[in-house]
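Next come the chains, spelled out residue by residue.
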Amino acid sequence: MERLSIGTNVFVYPNPVTLLGTMVEGRVNFMPLGWLSRVNADPPWIGVGVYRGHHTARGIRENGTFSVNFPSADLVEAVDYCGLVSGSGTDKSGVFECFFGELKTAPLISACPLCLECRLVRTEELPTNDWFVGEIVASWADEACLTEGRPDVRKMNPLLLTMPDNRYWTVGAEAGKAWGAGAGRVKSEKDRA
Ligand SMILES: Cc1cc2nc3c(=O)[nH]c(=O)nc-3n(C[C@H](O)[C@H](O)[C@H](O)COP(=O)(O)O)c2cc1C
């Protein structure tokens, strides 16, 4: 099949869908966030790409904290709503029931199977977005979504996002063991050497 050049507006496939939690002028606010990544092993740092004009960016700059909440697919309607309206014009503080952990300005969502509390450690100003790097200071998981004490993606049933077709997805079947599926090839190369 021929390879086609498809331009430059290309994204990571798929993005996870999370809810970025902040307090802005004392009010809880959440926005859906697809652009995030763990960016450092130790200390545990996570990066989030936030358009500078979003209300959320104000909250992160104001408090130096944020939360990252992983919703399950059944929350899709509430998640999407938070992406259609801005906290600058709409009070989103009542959309989810919240709790607080160690940081008093990083609201966590009770209905989400996994919630992270982050303290801002770096801000990189990119042309349109801020890349906020936060240190994970605590994480909270719904016990029902754990297997042997670790988040289990089958139980979490997280939401995924594809862009630019802008669709939500759920996770499919496991395809193999990471740091394991290639082990046979490593062994045969060693045997040949
Ligand atoms: C599924 C989804 C993912 C999104 N991911 C991002 C993202 O990674 N970064 C970003 O700046 N905006 C993202 N947005 C857009 C914001 O969530 C949206 O503009 C939101 O209303 C901003 O809210 P705020 O002004 O209250 O902060 C996303 C929206 C949706 C629906």
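These notes cover the structure that comes with them. All of these numbers come straight from a predicted model, not from anything done at the bench. (Residues numbered from 1 in each chain as written. Predicted model: local features only at pLDDT ≥ 70, side-chain atom pairs only at ≥ 80, totals over all residues. Heavy atoms only, no water.)

### Quick notes on the pattern of salt bridges
Side chains that differ in charge, positive against negative, can pair when their charged atoms come close. Applying the stated rule across the entire model yields eight salt bridges. Between Asp-91 and Arg-27 there is a salt bridge; the shortest N-O distance is 3.6 Å. A residue pair is termed long-range when its members are at least 10 positions apart, and Asp-91 in the loop between helix H2 (76-84) and strand S7 (98-99) and Arg-27 in strand S3 (residues 27-33) qualify at 64 residues. Classification of Asp-91 by relative accessible area gives partly exposed; the value is 45%. Put simply, Asp-191 and Lys-187 hold a salt bridge, and the shortest N to O gap is 3.0 Å. You can see Asp-191 and its partner Lys-187 sitting in helix H4 (residues 183-192), four residues apart, about one turn around the helix. The burial state of Asp-191 is the same as that of Lys-187; both residues are exposed. (Salt bridge = Lys/Arg side-chain N within 4 Å of Asp/Glu carboxyl O. Helix = DSSP H or I, 4+ residues; strand = E, 2+ residues; numbered from the N terminus. Buried < 20%, exposed > 50% of the residue type's maximum accessible area, 1.4 Å probe, protein only.)

### Notes on a nonpolar patch on the surface
On the surface, Leu-4, Ile-6, Val-10 and Tyr-13 cluster together into a nonpolar patch covering about 480 Å² of accessible area. Tracing the backbone through its elements, the reader meets Tyr-13 in the segment before strand S1 (15-16). On the basis of relative accessibility, which here comes to 49%, the residue Tyr-13 falls in the partly exposed class. (Patch = residues over 30% accessible without salt bridge, like charges linked within 9 Å, V, L, I, M, F, W, Y side chains within 5 Å. Areas by Shrake-Rupley, 256 points an atom, 1.4 Å probe, with all protein chains shown as cover.)

### Quick word on the environment of Ser-5
As for its position among the elements, Ser-5 is in the segment before S1. Judged by its relative accessible area of 78%, Ser-5 is exposed. For Ser-5 and Arg-192, which are 187 residues apart along the polypeptide, the C-alpha to C-alpha distance reads 39 Å.

### Some words on helix H1 (residues 55-63)
Counting along an α-helix, one turn takes 3.6 residues, and residues three or four places apart therefore face a common direction. Of the positions making up H1, those classed as buried are His-55, Thr-56, Ala-57, Gly-59 and Ile-60. The inward-facing, buried residues of H1 contact strand S2 (18-24), S3, strand S5 (45-51), strand S6 (65-70), strand S9 (114-125) and strand S10 (129-141). (Contact = heavy atoms within 4.5 Å.)

### Re the sheet that holds S2
The seven strands are arranged S3-S2-S6-S9-S10-S5-S4 in an open sheet whose pairing can be described as antiparallel. Strands with a single pairing partner mark the edges of an open sheet, and in this sheet they are S3 and strand S4 (36-40). When the angles between neighbouring strand axes are averaged without regard to direction, this sheet yields 35 degrees. Taken together, the six bridges between S6 and S9 define a ladder with antiparallel strand orientation. Along S9, the bridge assignment pairs Thr-65 with Arg-119. Contacting S2, S3, S5, S6, S9 and S10, H1 crosses the sheet at an angle of about 60 degrees to S2. (Pairing = 2+ DSSP bridges. Axes fitted to C-alpha atoms, helices over the stretch in contact; angles between N-to-C directions.)

### Remarks on the site of the ligand
Neighbouring residues of the ligand: 21 residues in total, closest Tyr-51, Thr-56, Ser-86, Gly-87 and Lys-92. Between His-54 and the ligand, the recorded distance is 3.2 Å, taken from a side-chain N or O atom to a nitrogen atom. His-55 places a main-chain nitrogen or oxygen 3.0 Å from an oxygen atom of the ligand. Out of a free accessible area of 650 Å², the ligand has 86% covered by protein chains. Elements that contribute at least two residues to the shell around the ligand include exactly S3, S5, H1 and H2. At four residues, S3 tops the list of elements feeding residues into the shell around the ligand. Per-class residue counts for the shell around the ligand are ten nonpolar, nine polar and two charged. (Near = heavy atom within 4 Å. Polar contact = N/O pair within 3.5 Å; in protein donor to acceptor, adjacent residues only side chain to side chain. Nonpolar A, V, L, I, M, F, W, Y, C, P; charged D, E, K, R; others polar.)

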